[in-house]
Amino acid sequence: MRKITTDKAYIIGLIIGGGRIDNNTLQITLPYKKWGDLAFEPERAGGIAGDILMRLNPILSTTYGMETSYTISKDWKIRCTQITETLKKDLVQLALPSSGEMRLNANLKGVIPALKSDEHKKRFIAGLVDTVGSLAKSHRRFNDAFQIISFEFKGDNFELVKDVANIFHSLECPPDQILWNHPNQHSGTDRYYRSWKKGFKIRVSLADYIFKGSFVFESKKLSATENSKQHKGVTRNKKQIIQEPGRITLHKDQNAQWLPEKIRGGLYLHNIHFNGVFGVKIETDTIIKNFLCQPEKYFCPFTCLTKGTREEIDKIINLEEYLKQTTYHSLYTSVNHLLDQVNSDSNYFYGNTPKDGFPQNYVLQAVAYIIAAPQGKTRGKKVSGNYKDILNNNLTQQIQIQIPDRGTCLRITANGFSTLIGYVNEEFNKTLITSSIGSSKITVREPTFIECVKL
Amino acid sequence: MRKKEIDYYEEISVELVNQFKSNLDLDDQHYSVYSLIGEISSSLRTLIANGYKAGKALKEYSIQSHRLYLDISILVENKKTGKFEIVIFEIKKVKSLGLSELSQLIGYCLVSKAKNGILINIDKSVSGEFSTIIEGDKNLTDITRLIDGQHINHQIGIMVWNSKTHQVEYTNSGSLKTLPQLIEKIEKEIS
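Residues numbered from 1 in each chain as written. Chains lettered and ligands numbered in written order. Predicted model: local features only at pLDDT ≥ 70, side-chain atom pairs only at ≥ 80, totals over all residues. Heavy atoms only, no water.

1. Section: the overall build of chain B
At step 1: Along chain B, the regular secondary structure elements total 6 helices and 7 strands.
At step 2: When the helices and strands of chain B are placed in sequence order, the string is α-β-α-α-β-β-α-β-α-β-β-β-α.
At step 3: Against the 2.2 N^0.38 benchmark of 16 Å for 191 residues, chain B shows a C-alpha radius of gyration of 16 Å, consistent with a compact globule.
At step 4: Counting only C-alpha atoms, chain B reaches 45 × 45 × 35 Å along its principal axes.
At step 5: Counting every position in chain B, which comprises 191 residues, the buried fraction comes to 54%.
At step 6: Long-range pairs, those at least 24 residues apart, make up 66% of the contacts in chain B between residues at least 6 apart in sequence.
At step 7: Counting only carbon and sulfur atoms, one obtains 51% of the accessible surface of chain B, whose full area is about 8,900 Å².
At step 8: In chain B, 24 positive and 25 negative side-chain charges are present, and the distance between their average locations comes to 4 Å. (Helix = DSSP H or I, 4+ residues; strand = E, 2+ residues; numbered from the N terminus. Rg over C-alpha atoms; globule rule 2.2 N^0.38 Å. Buried < 20%, exposed > 50% of the residue type's maximum accessible area, 1.4 Å probe, protein only. Contact = heavy atoms within 4.5 Å. Areas by Shrake-Rupley, 256 points an atom, 1.4 Å probe, with all protein chains shown as cover. Lys, Arg positive; Asp, Glu negative; His and termini not counted. Charge placed at Lys NZ, Arg CZ, Asp CG, Glu CD.)

2. Notes on the packing of aromatic side chains
At step 1: With the rule as written, the count across this model stands at 24 aromatic pairs over all chains.
At step 2: Ring geometry for Phe-158 of chain A against Trp-180 of chain A: centres 6.1 Å apart, planes inclined by 10°, an arrangement best described as stacked. Placement of Phe-158 of chain A in helix α7 (residues 158-170) and of Trp-180 of chain A in the loop between β9 (177-179) and α8 (183-186) is noted, with a sequence separation of 22 residues between them. Each member of the pair Phe-158 of chain A and Trp-180 of chain A is classed as buried.
At step 3: Centroid distance Phe-158 of chain A to Phe-278 of chain A: 5.7 Å. Interplanar angle 40°. Geometry classified as tilted. With Phe-158 of chain A in helix α7 and Phe-278 of chain A in helix α11 (residues 271-278), this pair connects stretches of sequence that are 120 residues apart. Residues Phe-158 of chain A and Phe-278 of chain A agree in their burial class; the two are buried.
At step 4: Every member of this aromatic cluster is reached through a ring pair, and the members are Phe-158, Trp-180, Trp-196, Phe-200, Trp-258, Tyr-268, Phe-274 and Phe-278 of chain A.
At step 5: Residue placement shows Lys-262 of chain A over the ring face of Phe-278 of chain A; its charged tip is 5.0 Å from the ring centre.
At step 6: Over the ring of Tyr-8 of chain B we find Lys-3 of chain B, and its NZ or CZ is 4.4 Å from the ring centre. (Phe/Tyr/Trp six-rings, centres within 6.5 Å; stacked < 30°, edge-to-face > 60°. Lys NZ or Arg CZ within 6 Å of the ring centre and 35° of its normal.)

3. What to know about the sheet that holds strand β21 (residues 409-414) of chain A
All names here are of chain A.
At step 1: Taken together, the 5 strands give an open sheet; going across it, the order is β14-β22-β21-β20-β15, and neighbouring strands pair in antiparallel fashion. Each of the sheet's edge strands pairs with one partner strand only, and the pair in question is β14 (305-309) and β15 (328-334). Each adjacent strand pair in this sheet contributes to an overall mean axis angle of 20°, direction not counted.
At step 2: In this structure, β21 lies alongside strand β22 (residues 417-422), joined through 6 bridges in antiparallel fashion. The residue bridging Thr-413 from the neighbouring strand is Ser-418, located in β22.
At step 3: Sitting on the sheet, helix α13 (residues 310-319) is in contact with β14, β15, β20 (398-404), β21 and β22, with an inclination near 125° to β14.
At step 4: Sitting on the sheet, helix α16 (residues 360-372) touches β14, β20, β21 and β22, and the angle it makes with β22 is about 170°. (Pairing = 2+ DSSP bridges. Axes fitted to C-alpha atoms, helices over the stretch in contact; angles between N-to-C directions.)

4. Observations concerning the pattern of salt bridges
Residues and elements named next belong to chain A.
At step 1: Using the criterion set out here, one finds 32 salt bridges over all chains in the structure.
At step 2: Among the salt bridges present, the one from Glu-446 reaches Arg-191, with a minimum N-O distance of 2.7 Å. On the criterion of sequence distance, the pair formed by Glu-446 in the segment after β23 (442-443) and Arg-191 in the loop between α8 and β10 (200-205) is long-range, its members being 255 residues apart.
At step 3: With a relative accessible area of 35%, Glu-446 lands in the partly exposed category.
At step 4: Classification of Arg-191 by relative accessible area gives buried; the value is 1%.
At step 5: The closest approach of N and O atoms between Asp-314 and Arg-411, which form a salt bridge, is 2.8 Å. Here Asp-314 is found in helix α13, whereas its partner Arg-411 is found in strand β21, with 97 residues between them in sequence.
At step 6: When salt bridges with common partners are traced through the structure, they connect Arg-20, Asp-22, Glu-101, Arg-103 and Lys-154 into a single cluster. (Salt bridge = Lys/Arg side-chain N within 4 Å of Asp/Glu carboxyl O.)

5. A short note on empty space enclosed by the protein
At step 1: Considering all chains together, one arrives at 2 cavities of 30 Å³ or more under this definition.
At step 2: The space that makes up the second largest cavity amounts to roughly 70 Å³.
At step 3: Lining the second largest cavity are Arg-55, Ile-59, Arg-123 and Val-216 of chain A together with Gln-167, Val-168, Glu-169 and Tyr-170 of chain B.
At step 4: Listing elements by their share of the lining of the second largest cavity, those giving two or more residues are α2 (42-64) of chain A together with β7 (167-174) of chain B. (1 Å grid on protein atoms, 1.4 Å probe; cavity = no way out; pocket = protein on both sides within 12 Å on 5 of 7 lines; lining within 4 Å. Points joined across faces, edges and corners; volume = space filled by probe spheres on them.)

6. Description of the domain arrangement of chain A
It is common to give the size of an interface as the accessible area that goes away when the parts come together.
Residues and elements named next belong to chain A.
At step 1: As assigned here, chain A comprises domain 1 (6-290) and domain 2 (302-428).
At step 2: Its C-alpha centre places domain 1 at a distance of 39 Å from the equivalent point of domain 2.
At step 3: Carbon and sulfur atoms make up 48% of the area that domain 1 and domain 2 hide from each other, which totals about 890 Å².
At step 4: The largest contributions to the domain 1 side of the interface with domain 2 come from Thr-189, Tyr-192 and Arg-247, which together make up 65% of the buried area.
At step 5: Linking domain 1 with domain 2 are 3 salt bridges.
At step 6: Counting across the interface, domain 1 meets domain 2 through 10 residue pairs in polar contact (both at pLDDT 80 or more). (Domains from an automatic or database assignment. Buried area = accessible area lost by both parts, 1.4 Å probe. Polar contact = N/O pair within 3.5 Å; in protein donor to acceptor, adjacent residues only side chain to side chain.)

Encoded structure:
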């Protein structure tokens, strides 16, 4: 592979992050929205304009002989109306697409061998920073003391995300977390949530990036410096300690054709589990292996918790064979009475033993939702504030609990809203696992009504 | 405390060495790149005295060259051919660059016989007027001399050091437009 220069590495990063080629025109979208809003952030917007004119334009014109103009609407857009032969040749040589939206279609098979030094890699990533690198202050781990720079990709280009993540590893700037565009990542508890395709995020510690990476746009560097002032005590990303993963639902789209074959049909307990299966370097291999030896502890074949209106839940039950065949018996009770049944001997309600049933935490969250929703105290399907406060403030509220005759789903309803909570039984879970124990790709089959545990 | 021009030399030279090393053909491991700060001939002699195995041509140059106090010089030597080039970087921290700064760099290049020189201003680009002068007469930054029957071509570029991003930025002024362009040219010259 012919070498590329550091300037070309930056431009290629920029084109892959935000470029779209149609005929002979290159348009690079800088999705700055709020961050670069002319009305709300005029000073920064001025800086961005300066970056385009004084930094990006000279690199593009001297490297590829391309002149640019820019427009500001919802996003910032840079336009080059004449793609030169030099750029076309480089795109061919780097095995990059010659048309369409790059980040949806590009793979880095030709680019990676051309990024021969760390400086090339840094400049390539700098191109991604200026396009898909988000420096919103809300990107943080747990609290403001750990600030994040988030690289955000839409679509289904899993390979691109994997390759970019591995470039970060090779720069000794490992991603703090990768959020994959997969139902286990975007809808870990709700089996029926359809809008889970929210994209990918490669989240990198800002302290690490400032230490190891580079910036071309001054506005981005200033924003990074400002955010990094919020770091308190945490300077660099240490080897992560992975918390035991929560239970993941077997999502309806687990086998969606949209997912790459490599991961289709698999159940993923944690983003690091995903990384391992997909080929992103992981530093905590042994810890995740411990979880993989007992996968039954970390999934629920039914929905963990699904919330909605009574009609929405009716529809789900009618379409899900094992729920449709289940017989429910109703009981009416108060929140106060339900809370009285919470005890420390078991984490479950209505099971056959203390080790099976419907998880108390989900049941209580479900009740909080059906109380809060009609009061307008929800954001989407999340209750505003602490769910325990909602329960304690509505102790006399009457609720309908429909207990199934089989270990499928518990239904709780009040005020026109309803919820489903999945049955947990690790012995039953074991019977559904179709992959061998310890295998990195866990596969689980859907339960049938007939085999569901009698309650 | 406000940084003076000299306070930037270290960070600029680090980035320049990075850029040179990255843009030289890395498959060929025979290039040596060093940054030298201050007086050029003694810096070269010190480098050699400290164990750097310089080729014959560079050794001779280190003895014969004039005592010039340069801000930053980048030495690139091809160990295979024994050829070398020194690029002079004249650093300024002024509101806008003008003819006096350019003249100083041209003078250094002519005296030292360095073929390439880059004028770098810290955090400020070139003024429109200066740019017009440079672009109006290309020969101002592309000078050819005849010495002892040999043509020596000196090319000058004008760039900016961004102290916030720690990057060299381009102004499109002068005959050397970018660092990769400069490095590619040197690579050919010493091959």
